[in-house]
2 protein chains.
Amino acid sequence: MEPTHSPGSPVRSGIPEHGRIPKYYAVKARISALIGELGEGGLLPTERDLAERYEVSRETVRQALRELLLEGRLRRAGRGTVVAGPKLEQPLSLASYTEGVRRQGRRPGRHLIGLEQFPCPPGLAPGIGAEPGEPVWHMERVLLADDERVGLESTYVRVARVPRLDSEFQPDSSFYGYLRERLGISFGDADEKLETVLATPREALLIGTPPALPMLLIHRFSRDRDGRPLERVRSLYRGDRFSFTTRLGPE
Amino acid sequence: MEPTHSPGSPVRSGIPEHGRIPKYYAVKARISALIGELGEGGLLPTERDLAERYEVSRETVRQALRELLLEGRLRRAGRGTVVAGPKLEQPLSLASYTEGVRRQGRRPGRHLIGLEQFPCPPGLAPGIGAEPGEPVWHMERVLLADDERVGLESTYVRVARVPRLDSEFQPDSSFYGYLRERLGISFGDADEKLETVLATPREALLIGTPPALPMLLIHRFSRDRDGRPLERVRSLYRGDRFSFTTRLGPE
C-alpha cells in the first residue's frame, strides 16, 4: 500500500490529494526545509535571492514568508529574517505567568499599560463576586519574555478585595505573589476557556505584532479557597510564540 | 479618572490610544454592532449595501468582513452572509470528541479519509510505545458537528494493539468506545499541547475552510491505565467554530 501523503511522519502534510499544489505552498515547503538546515537564529536569504533560487515572483515568496512568520517559524530581526526558536510551552495551571515562563528558563516581565477604577458593569459582576456599580480595578499589562513583548493581560478584581493595589503593588511583579504574600489570598480553582482570535489594531500596537496575527485568548474566572469568585483575567498570547500544555487524568 | 478605552466592559477594545483607527476597523466595529442587533442566523446586507451605508469602498468592507468570518462571528450561507452561532465549547478531557460534542446538544460525526499501515518511523516510536519499523496504523478522519465539517483528526497507534482496526471498527463511530468495549482498553492519562496554526491547503480542502484560516491544533499522547503509551493524536479544529474549556485545581 503506497501512502499518498507521508503518513509515517507526525508532521502535517500540506498537499491536497488532487495533487494541485498552490505555487506559494511549494515555495513554503522548500523554505521550510531550508529553515531546518539553517537552525535557530540562522539568517534567511533575502526575498530577491529566494525568488531567484526558486524561479518564482517575489510576491509568491512574500506569501510563503508571511505564513511562516505568522506561524512563528521565522521572525524579523533588524532588517533581516531569521529562524525562530521553538514556541514557549506554558502549562495550563493556576501558577502565574511569571512562574510558567521562569520554569522554561526565560526571564518573565510585565509592563503596566493602565490601572484604573470603574463602577462594575452588570455583565462583569457575577464573575468576580461584585455588586453592579461597586468599584472594580482594571489592570492591564504587557507580558514580556526575555524583554520580548509576547502578550497582553487584563485583570478585573473588586477594589474591596485589594484596596491598595495602586499604591502597594509593584506592577512588574507577580499579582498572584502579591495576593498570597501581602493579603493571604490563595487560589482554590479556576475555569478557563481558550480560543484563537485575531489581534485588534490596539492589541497589535501594544504587543508590537503585525495586525491580524492569530492570537491565543484565555479567559479565566478564578475562585479563592472558600469558593468565592476572585478575579476575571483575559490573557492574550502571541500565537506564533506560545503553546499551552496540560495533563489530563481519568474521567 | 476618565478611562480611555471602555475598561468597564469585559470586551476587548480595538482602538489604539493614539486614536488613529484604521478605516476598515471602524467599519468592522459598526458591522459588529449590526451583528448584535441581527442575532444568530440573521442575514447581513450585501457588501455593496454596507459600502454605501458606511460610505467606504467595497474593499474596506471586504477586509472587515474577512476578519469577522475568520473570527467566526459571521458565516457564509449559500450566496449570503449570516450571523454565526457561538463557538462550540469543547472540554479538554479524556472523553472523546463524540462525547464532547454530544454534551453540547450537537450531533457528532466522523468521516474516514484514510486508514493505512506503515512502518513506524523513529520519531513516532517512543510516543506510542512502538519499536521503530513495526507496523503502525494511521487513521485520518474529518470531524463533523451537525454534518458541518469542523476538524480533522489523525490517530497513530500500534497495529499489535488494535490488529483488526480495518475490519472490525466502524470509522464513523468513537475510537475510544471501540477500544473500551471491544478490546477492554481504558485510558489512564494523556499529555496535551495546544497551539494555533494556519490550515495547510490540503487541510483547508478536506475541512472546507478558506486557506490560512487560524486553526487550533491539539497534540495528544495518551497512556493506558498501566501507564503504557497508547496513541498519538493530532486534532485540528476550526478556530472560528471551537473553543476549549478546562477546570484548573490548586497546585
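Here the residue index of a chain counts from 1 through its sequence in written order. Chain labels run from A onward and ligand labels from 1 onward, assigned in the order the entries are written. Local features in this predicted model are restricted to residues of pLDDT 70 or higher, and side-chain atom pairs are both shown and tallied only at a pLDDT of 80 or more, whereas totals for entire chains, interfaces and linings draw on every residue. As a convention, hydrogens and water are excluded, and side-chain values are obtained from all of the structure's heavy atoms.

Caption draft 1: Region of the structure containing helix H1 (residues 23–38) of chain B. Strands here are runs of E lasting at least two residues and helices are runs of H or I lasting at least four, both read from the DSSP assignment and numbered beginning at the N terminus. Here the expected length of a helix is defined as 1.5 Å per residue gap, with one fewer gap than residues. Taking 1.5 Å as the rise per residue, H1(B) with 16 residues should run 22 Å; its terminal C-alpha atoms sit 23 Å apart, in good agreement. Partly exposed residues are those whose accessible area sits between 20% and 50% of the maximum for their type, while under 20% is buried and over 50% is exposed, using a 1.4 Å probe and protein chains only. If you check which residues of H1(B) are buried, you get Tyr24(B), Tyr25(B), Val27(B), Lys28(B), Ile31(B), Leu34(B) and Ile35(B). Take H1(B) and look down its axis: the buried residues cluster within an arc of 165°, on one side only. In H1(B), the exposed residues that point more than 90 degrees away from the buried face are Gly36(B) and Glu37(B). In this description, contact between two residues means that some pair of their heavy atoms is separated by no more than 4.5 Å. Buried residues in H1(B) make contact with helix H8 (201–207) of chain A together with helix H2 (47–54), helix H3 (58–70), strand E1 (74–77) and strand E2 (80–83) of chain B. Following H1(B) by one or two positions, Gly39(B) adopts a phi angle in the positive range, close to 75°. Working definition: the arc comes from the directions between the helix axis and the C-beta atoms, pointing outward to the latter.

Caption draft 2: Local environment of the pattern of salt bridges. Residues and elements named next belong to chain A. The term salt bridge refers to a side-chain nitrogen of Lys or Arg lying within 4 Å of a carboxyl oxygen of Asp or Glu. For the structure on display, the rule yields 56 salt bridges over all chains. The salt bridge partner of Glu71 is Lys28, with a shortest N-O separation of 3.2 Å. Of this pair, Glu71 sits in the loop between helix H3 (58–70) and strand E1 (74–77) while Lys28 sits in helix H1 (residues 23–38); the two residues are 43 residues apart in sequence, bridging distant segments of the chain. Overall, Glu71 belongs to the buried group, its relative accessible area being 15%. Its relative accessible area of 8% is what places Lys28 among the buried residues. The partner of Glu168 in a salt bridge is Arg182, with the nearest N and O atoms 3.6 Å apart. Separated by 14 residues along the polypeptide, Glu168 in helix H6 (residues 165–168) and Arg182 in helix H7 (residues 175–183) bring together distant segments of the chain. Taken together, the salt bridges that share partners define one network made up of Arg106, Arg107, Asp146, Asp147, Glu148 and Arg241.

Caption draft 3: View of the confidence of the model for chain A. Residues and elements named next belong to chain A. Each residue carries a pLDDT score, the predictor's own confidence in it, on a scale running from 0 to 100. Residues of chain A with pLDDT of at least 70 account for 92%, and the chain-wide mean is 89. Low pLDDT, under 50, characterises residues 1–10; the stretch is placed with 25 contacts to residues that sit more than four places away or in other chains. For this predicted complex, the interface score ipTM comes out at 0.85, while the overall pTM is 0.86.

Caption draft 4: Seen up close, the nonpolar core. We call a set of buried residues a nonpolar core when its members are Ala, Val, Leu, Ile, Met, Phe, Trp, Tyr or Cys and they connect through side-chain atoms within 4.5 Å of each other. One finds Tyr97(A), Phe175(A), Leu179(A), Tyr97(B), Phe175(B) and Leu179(B) to be the most contacted residues of the largest nonpolar core, which totals 62 residues. Among residues more than four places away in sequence, those in contact with Phe175(B) are Met139(B), Arg141(B), Thr155(B), Val157(B), Leu165(B), Phe169(B) and Glu231(B).

Caption draft 5: Structural context of the packing of aromatic side chains. Here is the rule: rings of Phe, Tyr and Trp (six-membered ring for Trp) pair when centre to centre is within 6.5 Å. Planes less than 30 degrees apart are stacked, more than 60 are edge-to-face, and the remainder are tilted. Enumeration according to the criterion identifies 20 aromatic pairs over all chains in this entry. Grouped by ring-pair contacts, the aromatic residues Phe169(A), Phe175(A), Tyr176(A), Tyr178(A) and Phe187(A) constitute a single cluster.

Caption draft 6: Local environment of the domain arrangement of chain A. When its domains are assigned, chain A resolves into domain 1 (11–83) and domain 2 (88–245). A separation of 35 Å is found between the C-alpha centroids of domain 1 of chain A and domain 2 of chain A. An automatic or database domain assignment provides the domain bounds reported here.

Caption draft 7: Quick look at the sheet that holds strand E4 (residues 108–119) of chain A. Only when DSSP finds a minimum of two bridges between them are two strands counted as paired. Ordered in space as E4(A)-E5(A)-E6(A)-E9(A)-E8(A)-E7(A)-E10(B)-E3(B), the eight strands form an open sheet in which the pairing is mixed. The open sheet terminates on both sides in strands that have one partner only, identified here as E4 of chain A together with strand E3 (88–91) of chain B. With strand direction ignored, the average angle separating the axes of adjacent strands in the sheet is 20°. As defined by bridge partners, E4(A) adjoins strand E5 (residues 135–145) of chain A across eleven bridges and the pair is classed as antiparallel. Helix axes are fitted to C-alpha atoms over the stretch in contact, other axes to C-alpha atoms as well, and angles between N-to-C directions run from 0 to 180 degrees.

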